[in-house]
Structure formats: C-alpha cells, structure tokens
Amino acid sequence: MPAQAPWPPARLLACAPQPRRWTIAEFHFIGEHGLFEGRRPILIDGAILEQGQMTPPFACALG
C-alpha cells in the first residue's frame, strides 16, 4: 500500500484564509463611518469583537 500524502497538502495551507489584524487607526476610521452603529465593538490584539448587552445594574453603575 503506498504512503498516503499528508492532508491538507502544503500548497492548500499556503493559500488558506488568514484572520485580518486591524490597527487602532482602522478601527476608529470604520467606527467614525458608522459601521458599528448600534453595536459595542472592542479591539483586542487586532481582532474586532462585539461586547454583549449591558445588564441593568451595570448600566446604572456607569450612569
């Protein structure tokens, strides 16, 4: 039985999608243009994440 090639082949790994790392300037730019309207984004280590809804006690504390 012939040896099986590794999967996925290295040529597929070379062109696999990579996560985009956002800069602070890009994060502020897209926020200024309304792309985060109605959302609570946060930039952590180049990744844009969405924060969950605030609980009423937390919102009152920030008040």
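Being a predicted model, the structure only gives us computed values, none of them experimental.

Enquirer: How would you sum up the environment of Phe36? Please name residues and give values.
Expert: Note that Phe36 resides in the loop between α2 (24-32) and β1 (41-44). Taking the C-alpha atoms as reference, Phe36 lies 9.4 Å from Glu50; in sequence the two are 14 residues apart. Here Phe36 is in contact with Phe27, Ile30, Gly31, Pro41 and Ile48, once residues within four sequence places are set aside.

Enquirer: How would you summarise a nonpolar patch on the surface if you had to cite specific residues and measurements?
Expert: Together, Ile42, Ile44 and Leu49 line one region of the surface with nonpolar side chains, adding up to about 240 Å² of accessible area. When you line up the elements, Leu49 lands in strand β2 (residues 47-50).

Enquirer: An account of the packing of aromatic side chains is requested, with residue identities and associated values reported.
Expert: Any pair of aromatic rings gets described here by the distance separating the centres and the angle formed by the planes. Taken as a whole, this structure holds one aromatic pair when the rule is applied. Ring geometry for Phe27 versus Phe36: centroids 5.3 Å apart, planes at 40°, classification tilted. Phe36 shares its class with Phe27; the two are buried. Geometry around Trp22 places Arg20 over its ring, the cationic atom sitting 4.3 Å from the centre.

Criteria and cut-off values
- Residues numbered from 1 in each chain as written.
- Predicted model: local features only at pLDDT ≥ 70, side-chain atom pairs only at ≥ 80, totals over all residues.
- Heavy atoms only, no water.
- Helix = DSSP H or I, 4+ residues; strand = E, 2+ residues; numbered from the N terminus.
- Contact = heavy atoms within 4.5 Å.
- Patch = residues over 30% accessible without salt bridge, like charges linked within 9 Å, V, L, I, M, F, W, Y side chains within 5 Å.
- Areas by Shrake-Rupley, 256 points an atom, 1.4 Å probe, with all protein chains shown as cover.
- Salt bridge = Lys/Arg side-chain N within 4 Å of Asp/Glu carboxyl O.
- Phe/Tyr/Trp six-rings, centres within 6.5 Å; stacked < 30°, edge-to-face > 60°.
- Buried < 20%, exposed > 50% of the residue type's maximum accessible area, 1.4 Å probe, protein only.
- Lys NZ or Arg CZ within 6 Å of the ring centre and 35° of its normal.

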